[in-house]
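In case you want the letters, here they are:
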Amino acid sequence: MKTSRLVHVVLLVWALLVTLPLLWAVVSSLKTDAEIFDSPWSLPATPRFDNWARAWAEASIGRYLLNTVVVVGGALFLTMLFGALVAYCLARYPFPGNRIVYYSLVAGMLFPVFLALVPLFFVVDQLGMLGTYHGLILVYTAYALPFTVFFLHSFFRTLPTAVAEAAFLDGCSHAAVFFRIMLPMARPGLVSVGIFNFLGLWNQYLLPLVLNPDPDRYVLAQGLAFLAVSQGYRSDWSGLFAGLVIAILPVLVAYILFQRQIRDGLTAGAVK
Amino acid sequence: MRHGRYRFLAGAMLPPLLLYAVFVVSPYAQAFYLAFTDFNGVSSDVRIVGLDNFTRLWSDPLFLSALRHNGLMLVVVPLVTIALALFFAASTRGGRLLRAYRVLYFFPQLLSVAIIAVLWQFVYTPNSGLLNGFLDGIGLSTLERSWLAEPRFALWCVMAAMIWSAVGFYVVLFAAAIESIPADITEAALIDGAGPVTLFWRITLPLVWDSVQVAFVYLGIIALDGFALVQIMTVGPGGPDNSTEVMGLSLYRNAFTYGKYGYASAMGVALFFLTLTLTVLMLRATRRERVELA
């Protein structure tokens with residue numbers, strides 16, 4: 001089927017709409033403040049990489065990035081471990097209460113996080129975990145569990161049982177069967193849900209905003225929004241653009257490297 | 001063997017379930033209780049006030065305008081996003097170049113909503129922003145505005161950013177659905193003389209309706225939120241003249257600025273029931289005969 005010229009034009013226009021703001025941010029991050037105010041279209045006379053250095057060090061983008069890596073890394077590991085364990089047990093071991101546990105986990109996906117926000121703040125506060133890495137990691141994990149269990153539960157059900165049975169006959173313990181046989185077999189499912197969780201956790205804004213009030217512990221999304229909103233940095237436009245670009249870059253690099261897996265991972269979650 | 005089995009189950013499931021109970025189940029349960037109290041952060045003098053918080057919601061002009069704004073977003077955002085995404089998905093079948101568009105369109109989906117908000121705030125900036133710079137460049141400088149500062153435009157600007165970031169995901173989702181339509185159905189329609197428009201309405205759309213349904217629900221949930229975009233992009237709390245106030249922002253401000261935790265929880269409960277109703281309604285309204293693909 002031939003695609004008409006008009007359709008091509010529309011596709012191109014949307015492609016420009018997607019790329020132009022991003023390209024513009026990159027170009028602006030290399031300009032001086034005066035050049036930014038002069039015209040949004042001009043190219044920098046000389047690329048000012050010192051904007052990036054300033055955003056990294058003075059505006060703490062580097063620190064925010066490190067905080068994000070620690071929190072997201074910890075939460076992702078814990079989510080995958082816990083999610084896989086629970087999903088496996090619920091999918092493969094019939095025991096009294098199995099269905100109740102499964103449905104109460106899956107029901108967690110129906111509730112908007114806004115509903116839990118106020119009590120959650122006080123729960124985390126009473127545990128003395130406000131503004132700590134481990135507090136955020138545990139909360140992120142708890143809220144990522146329902147989808148992870150839901151996704152992996154159906155995945156573990158489709159895996160053949162024969163290999164696990166053979167391993168039991170050979171004297172493998174339950175834990176060994178899980179870690180050495182079932183987990184490697186579930187790899188494709190783990191990768192999909194891992195990508196889904198990674199992006200979800202990396203992009204968290206509401207939970208850190210409420211539970212992470214210490215500016216030294218800000219995660220990237222939170223820190224960047226703080227810089228953009230707070231008046232003190234208002235004058236440093238080029239620095240802000242640089243911070244924005246630094247925040248976008250890791251995601252862009254990941255997308256270029258793994259674009260197929262990322263798109264499949266994210267859409268697999270939606271059609272379930 | 002039996003002994004080992006229960007020890008394994010307990011060891012594997014108790015820590016995650018404990019975590020879930022403490023940080024997810026208990027806050028949700030408490031929220032329903034707090035919504036009926038005047039809790040203000042001091043747990044020693046909590047009074048049960050019955051439905052007071054909910055009756056106050058109905059006479060709170062700010063919450064009602066938030067409700068209206070979310071309602072408008074609920075109509076505009078899913079419809080525009082799905083229309084664009086269906087069009088792009090259907091027109092990027094075929095060559096490698098056309099498929100490359102999908103890869104490109106998808107990218108904004110990966111960005112944090114905070115990053116999208118900051119980026120678009122820059123785009124809309126009056127003096128040095130991309131939008132006014134563009135209008136200036138093509139000789140339409142009379143249309144230049146300080147977009148986010150004018151009550152008439154601010155909410156639409158927020159919605160544009162929301163749609164911009166969402167379209168790509170649904171392009172990929174719909175494209176996958178369209179590609180699973182057997183080629184012989186499409187070919188038969190073409191032989192019968194169906195043009196691209198007929199083909200889309202009579203063949204493609206009915207066969208990808210399941211995905212469209214899912215999209216309506218997801219986009220509806222996004223449209224009932226909008227918190228981060230509004231909080232970061234528009235001036236002050238709730239934008240110029242509160243023209244971009246959304247329910248999430250009302251809740252957040254009542255809780256963490258004014259300390260009216262009970263009242264904020266009532267908003268949370270209202271939001272929950274709205275989300276639930278919406279999901280059920282969307283699924284019902286969009287229900288069609290299921291088409292079996294042989």
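Residues numbered from 1 in each chain as written. Chains lettered and ligands numbered in written order. Predicted model: local features only at pLDDT ≥ 70, side-chain atom pairs only at ≥ 80, totals over all residues.

Caption draft 1: The arrangement of the overall build of chain A in detail. Counting secondary structure elements, chain A contains 13 helices and 0 strands. Expressed along its principal axes, the backbone C-alpha trace of chain A runs to roughly 75 × 60 × 35 Å. In chain A, buried positions account for 44% of the 272 residues. Once local pairs closer than 6 in sequence are excluded, the contacts in chain A between residues at least 24 apart make up 75%. (Helix = DSSP H or I, 4+ residues; strand = E, 2+ residues; numbered from the N terminus. Buried ≥ 20, exposed ≤ 12 C-beta atoms within 10 Å, placed from the backbone. Contact = placed C-beta atoms within 7 Å.)

Caption draft 2: Molecular detail of the overall build of chain B. Each helix and strand in chain B was counted, giving 13 helices and 0 strands. The linear arrangement of helices and strands in chain B, starting from the amino end, is α-α-α-α-α-α-α-α-α-α-α-α-α. Since a compact globule built from 294 residues should have a radius of gyration of about 19 Å, the 24 Å found for chain B marks it as more spread out than a globular shape. C-alpha extents for chain B along the principal axes are approximately 75 × 75 × 35 Å. Sequence-distant contacts in chain B: of pairs separated by 6 or more residues, those separated by 24 or more amount to 72%. (Rg over C-alpha atoms; globule rule 2.2 N^0.38 Å.)

Caption draft 3: Main features of the UniProt feature "transmembrane region" (unreviewed entry) in chain A. UniProt marks residues 6-27, 64-88, 100-124, 136-156, 190-211 and 237-258 of chain A with the feature "transmembrane region" (unreviewed entry), using the numbering shown here. Taken end to end, residues 190-211 of chain A is 86% helix and 0% strand, and its two terminal C-alpha atoms sit 28 Å from one another. (UniProt positions renumbered as here; feature names shortened; annotations may be inferred.)

Caption draft 4: Here's a closer look at the interface of chain B and chain A. If you look at the interface, chain B gives 76 residues, while chain A gives 69 residues. The element best represented in the side of chain B that touches chain A is helix α1 (residues 2-34) of chain B, accounting for 20 residues. Of the residues contributing to the side of chain B that touches chain A, the split by class is 56 nonpolar, 19 polar and 1 charged. (Nonpolar A, V, L, I, M, F, W, Y, C, P; charged D, E, K, R; others polar.)

Caption draft 5: Fine view of helix α12 (residues 247-256) of chain B. Extensive coverage of α12(B) is indicated by the burial of 8 of its 10 residues. Along α12(B), the residues that are buried comprise Met247(B), Gly248(B), Leu249(B), Ser250(B), Leu251(B), Tyr252(B), Asn254(B) and Ala255(B). Packed against the buried residues of α12(B) are α6 (113-126) of chain A together with α3 (61-91), α11 (227-233) and α13 (261-285) of chain B.

Caption draft 6: Just the packing of helix α10 (residues 209-223) of chain B against α13(B), in detail. Residue and element names in this part refer to chain B. The N-to-C vectors of α10 and α13 enclose an angle of 160°; their axes lie 9 Å apart at closest approach. Compared by their axis directions, α10 and α13 come out roughly antiparallel. Note that α10 runs across α13; the crossing there is right-handed. From α10, Gln213, Phe216, Val217, Gly220 and Ile221 reach across to α13, where they touch Thr275, Leu278, Thr279, Met282 and Leu283. Of the residues assigned to the contact of α10 with α13, the class counts are 6 nonpolar, 4 polar and no charged. (Axes fitted to C-alpha atoms, helices over the stretch in contact; angles between N-to-C directions. Parallel < 35°, antiparallel > 145°, perpendicular 65-115°, else oblique. Left-handed = near helix turned anticlockwise from the far one by under 90°.)

Caption draft 7: Representation of the domain arrangement of chain A in the model. Residues and elements named next belong to chain A. Assigned domains within chain A: domain 1 (5-48) and domain 2 (57-271). The C-alpha centroid of domain 2 is placed 33 Å from the C-alpha centroid of domain 1. With 9 residues of domain 1 at the contact, the number on the domain 2 side is 6 residues. Looking at the side of domain 1 that touches domain 2, the elements that each hand over two or more residues are α1 (5-28) and α2 (33-38). Considering each element in turn, the side of domain 1 that touches domain 2 owes the most residues, 3 residues, to α1. Taken together, the residues that form the side of domain 1 that touches domain 2 break down as 3 nonpolar, 3 polar and 3 charged. (Domains from an automatic or database assignment.)

Caption draft 8: Expanded view of the UniProt feature "domain: ABC transmembrane type-1" (unreviewed entry) in chain B. Mapped onto this numbering, the UniProt entry annotates "domain: ABC transmembrane type-1" (unreviewed entry) at residues 63-282 of chain B. Helix makes up 75% of residues 63-282 of chain B and strand 0%. Its end C-alpha atoms lie 24 Å apart.

Caption draft 9: Spatial organisation of unusual backbone geometry. All names here are of chain A. Positive phi outside glycine occurs at Ser60, with the angle close to 65°. With respect to the helices and strands, Ser60 occurs in the loop between α3 (50-57) and α4 (61-92). Residue classification places Ser60 among the partly exposed positions, given that 19 C-beta atoms sit within 10 Å.

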